[in-house]
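Results of the structural survey
Single-letter residue listing:
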Amino acid sequence: VSLLNAPEVPTPQEVAHSIMETLRSSGVWEGEIQNVRKDGTSFWSQAAVSGSDHPTWGRVWVSRHVDITEQKRHRELQAHMLETQKLESLGVLAGGIANDINNLLVPIVSYSELIREDAWNPVAVRAGAEYVAQAAGHIRDLVLQMLAYA
């Protein structure tokens, strides 16, 4: 089902057509293709195809195929592991940033409440406002770091 719903995956006919176009234009084609064994199982092969003119049969194509199924699985597994590690590190980073922002928001909320309660005391209001501004600046710096990371 996934192959049917994946328009970026070429059909075997499209792959064959592309290979033949390359062979007609340059006489040589190399690449990875999915092949089928006689027993019906599929495998990946590194293939090289070249053409030559045979005196009896005319233009003939000679190909060499090397089974790379295990190497391809290994590469896919490595790519999957790398993606998993990236997601894990992103989760750790997000948790750390959320913790830092929370630590900065606690005094902002506390000082805001103090400013509200001591609004008649200009010294307390100024000190609280200064602390709120500093904490907000730290949050801004964290956000800028997140944007730089993204």
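Residues numbered from 1 in each chain as written. Predicted model: local features only at pLDDT ≥ 70, side-chain atom pairs only at ≥ 80, totals over all residues. Heavy atoms only, no water.

Thoughts on the side chain of T69
Note the following rule: Comment: elements are numbered from the N terminus, with helices defined as DSSP H or I runs of at least four residues and strands as E runs of at least two. The buried label applies to any residue whose accessible area, calculated with a 1.4 Å probe on protein chains only, is under 20% of its type's maximum; exposed applies above 50%, and partly exposed to all values in between. Think of a polar contact as two N or O atoms within 3.5 Å of one another; within protein, one of them needs to be a possible hydrogen donor and the other a possible acceptor, and neighboring residues in sequence only count if both atoms come from side chains. Any two residues having at least one pair of non-hydrogen atoms within 4.5 Å are treated as being in contact.
Assignment of secondary structure puts T69 in helix α2 (residues 69–117). Overall, T69 belongs to the buried group, its relative accessible area being 10%. In terms of polar contacts, T69 uses its side chain to reach the side chain of D67, at 2.7 Å. Each residue touching T69, except ones within four places of it in the same chain, is listed here: F43 and W44.

Here we look at the sheet that holds strand β1 (residues 28–36)
Hydrogen bonds between backbone groups are what pair the strands of a sheet, and the pairing can be parallel or antiparallel. Stated formally: Criterion used throughout: strands pair if DSSP finds at least two bridges between them. Here an angle of 0 to 180 degrees is reported between the N-to-C directions of two axes, which are lines fitted to C-alpha atoms, with helices fitted over the stretch in contact.
If you walk across this open sheet you meet the 3 strands as β1-β2-β3, and the pairing is antiparallel. Each end of this open sheet is capped by a strand with a single partner; those strands are β1 and β3 (58–67). Across the sheet, the mean angle from the axis of one strand to that of its neighbour is 35 degrees, orientation sign disregarded. Relative to β3, strand β2 (residues 42–54) runs antiparallel, the two being bridged by 10 bridges. Considered in β3, the bridge of G51 is made with W61. Helix-sheet contacts for helix α1 (residues 12–26) involve β1, β2 and β3, and the interaxial angle to β1 is about 160 degrees. This element, α2, spans β1, β2 and β3 of the sheet and lies at about 130 degrees to β2.

What about the environment of S63?
Counting through the fold element by element, S63 comes out in strand β3. The exposure class of S63 is partly exposed, given its relative accessible area of 43%. Along the chain, S63 and E21 lie 42 residues apart, while their C-alpha atoms are 16 Å from each other. Residues within four places of S63 in sequence aside, it is in contact with A48 and V49. At 3.3 Å, the side chain of S63 and the side chain of H65 are in polar contact.

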